[in-house]
Amino acid sequence: MKGLKKLFDFYINSSIHVALSVYSLVWMTQFLFRIQNDSATVYFAFFGTIVGYNFVKYDALARTQRLHMSFQLKAIATVSLFSLILTGYYFFQLQKSTQLIGVFFLITTLLYTLPFFPNTKNARNWAGIKIYIVALCWVGVTIVLPIINVHIPITSDFYLKGIQRFLLVFVLILIFEIIDLQNDDPHLKTVPQQIGVNPTKMLGLVLLCIFCLLEFFNTNTNDNFKIQLISLPLQVIVSIPVAAFLVFATPYRSKYYSSFWVESVPIFWWILLLIFK
């Protein structure tokens, strides 16, 4: 059992699980916009997420303790290097316009982790802004990249799906912020730090309602009627466990509550789509 737990911890700590969540959302976008035969974007997002998240989580630790790295940290570094190579491979299979957007999100990740100017904090420590940067990056990678790479015209549906995706990711991050409340630096000014836990939960529930209601504003044409027929019920079904995770979130929950169960929501959504499409 200890071996299985170590393997599971490695799966979580190496960001493979969160990368699967991003992978699932990119596939969701490809289904919703009827994109076919564009695996490069999917795998670029998957391996790029592993690289980006591990860089954010372990960069400082690796630089300060490189002589005392644990076996798991060395294994994570190996997975990250392998993922970096594959990210580069799939990057050069993307369209030029998509590559430019990918570089933009790379710079955002670096800005999030490393201070660009002397005597300044990185973006991760800017008061109150972390949640918006992360949510926008998820929207960019899971909505913008797949759309731009196949030159689909930008319509109202694109903006609507972008807003919905932002709201969902924002609510998922709220759960993380509640779980991490006792460990977060007070200067971060996360949402629970600023307004309290219960108001944060109420905010998240309101945003989930908006997330579902916005689906009624999608363009109702014969082309996408079947997609809408599937999409709306699935969004409601997915919102139910998200609401439950939010309501029952406390700073005393296990780390797996957020790092596994909450991050499984996009994977669960994608599996439902595969079943019912």
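Our subject is the structure listed above.
J.: Where do I start with the overall build of the protein chain in this structure?
T.: Within the protein chain one finds twelve helices and zero strands. For the protein chain, the α and β elements follow one another from N to C terminus as α-α-α-α-α-α-α-α-α-α-α-α. Per-residue burial over the protein chain gives 48% buried out of 277 residues. Carbon and sulfur atoms provide 70% of the accessible area of the protein chain, an area that totals close to 14,800 Å².

J.: Please clarify how the pattern of salt bridges should be interpreted in this entry.
T.: Side-chain pairs of opposite charge can arise where the charged atoms are in close proximity. Summed over the entire model, instances satisfying the criterion amount to two salt bridges. Residue aspartate 9 is joined to lysine 5 by a salt bridge in which the shortest nitrogen-to-oxygen separation is 3.0 Å. You can see aspartate 9 and its partner lysine 5 sitting in helix α1 (residues 2–13), four residues apart, about one turn around the helix. When its relative accessible area of 10% is taken as the criterion, aspartate 9 is described as buried. A salt bridge links glutamate 215 to lysine 161, with the shortest nitrogen-to-oxygen separation between them at 2.8 Å. Note that glutamate 215 is positioned in the loop between α9 (197–213) and α10 (225–247) and lysine 161 in helix α7 (residues 156–179), a separation of 54 residues in sequence. There is no split in this pair, since glutamate 215 and lysine 161 are both buried.

J.: I would appreciate a short explanation of the packing of aromatic side chains in the present structure.
T.: By the definition in use, this model includes 20 aromatic pairs. For the pair phenylalanine 8 and tyrosine 256, a centre-to-centre distance of 5.5 Å together with 45° between the ring planes defines the contact as tilted. Remark: tyrosine 256 occurs in helix α11 (residues 255–261) and phenylalanine 8 occurs in helix α1; sequence separation between them is 248 residues. Overall, the relative accessible area of 28% leaves phenylalanine 8 in the partly exposed class.

J.: Sorry, what's going on with the packing of helix α2 (residues 16–32) against helix α6 (residues 130–149) here?
T.: Describing two packed helices takes the angle between their axes plus the distance from one axis to the other. With their axes 9 Å apart at the nearest point, α2 and α6 run at an angle of 40° to one another. Note on packing geometry: the crossing formed by α2 with α6 is right-handed. Residues Val18, Ser21, Val22, Leu25, Val26 and Thr29 of α2 lie in contact with α6, whose contacting residues are Trp138, Val141, Thr142, Ile143, Pro146 and Ile147. When its residues are assigned to classes, the contact of α2 with α6 shows nine nonpolar, three polar and no charged.

J.: Looking at this structure, how should I read the packing of α7 against α9?
T.: The N-to-C vectors of α7 and α9 enclose an angle of 160°; their axes lie 9 Å apart at closest approach. The pairing of α7 with α9 is recorded here as roughly antiparallel in orientation. Handedness of the crossing formed by α7 with α9: left-handed. When α7 is examined against α9, the residues Gln164, Leu167, Leu168, Phe170, Val171, Leu174 and Ile178 are found in contact with a partner set consisting of Val197, Thr200, Lys201, Leu203, Gly204, Leu207, Leu208, Ile210 and Phe211. The class makeup of the residues in the contact of α7 with α9 is twelve nonpolar, three polar and one charged.

J.: Mind showing me how you'd approach the nonpolar core here?
T.: Most often, soluble globular proteins keep nonpolar side chains buried together rather than apart. In this structure, Trp138, Leu172, Ile175, Val242, Tyr257 and Trp269 are the most contacted members of the largest nonpolar core, which totals 57 residues. Listed by contribution, the elements that provide at least two residues to this core are α2, α3 (39–64), α4 (71–91), α6, α7, α9, α10 and α12 (265–276). The leading source of residues in this core is α7, at twelve residues.

Each value, and the rule that gives it
Residues numbered from 1 in each chain as written. Predicted model: local features only at pLDDT ≥ 70, side-chain atom pairs only at ≥ 80, totals over all residues. Heavy atoms only, no water. Helix = DSSP H or I, 4+ residues; strand = E, 2+ residues; numbered from the N terminus. Buried < 20%, exposed > 50% of the residue type's maximum accessible area, 1.4 Å probe, protein only. Areas by Shrake-Rupley, 256 points an atom, 1.4 Å probe, with all protein chains shown as cover. Salt bridge = Lys/Arg side-chain N within 4 Å of Asp/Glu carboxyl O. Phe/Tyr/Trp six-rings, centres within 6.5 Å; stacked < 30°, edge-to-face > 60°. Axes fitted to C-alpha atoms, helices over the stretch in contact; angles between N-to-C directions. Left-handed = near helix turned anticlockwise from the far one by under 90°. Contact = heavy atoms within 4.5 Å. Nonpolar A, V, L, I, M, F, W, Y, C, P; charged D, E, K, R; others polar. Parallel < 35°, antiparallel > 145°, perpendicular 65-115°, else oblique. Core = buried A, V, L, I, M, F, W, Y, C linked by side-chain atoms within 4.5 Å.

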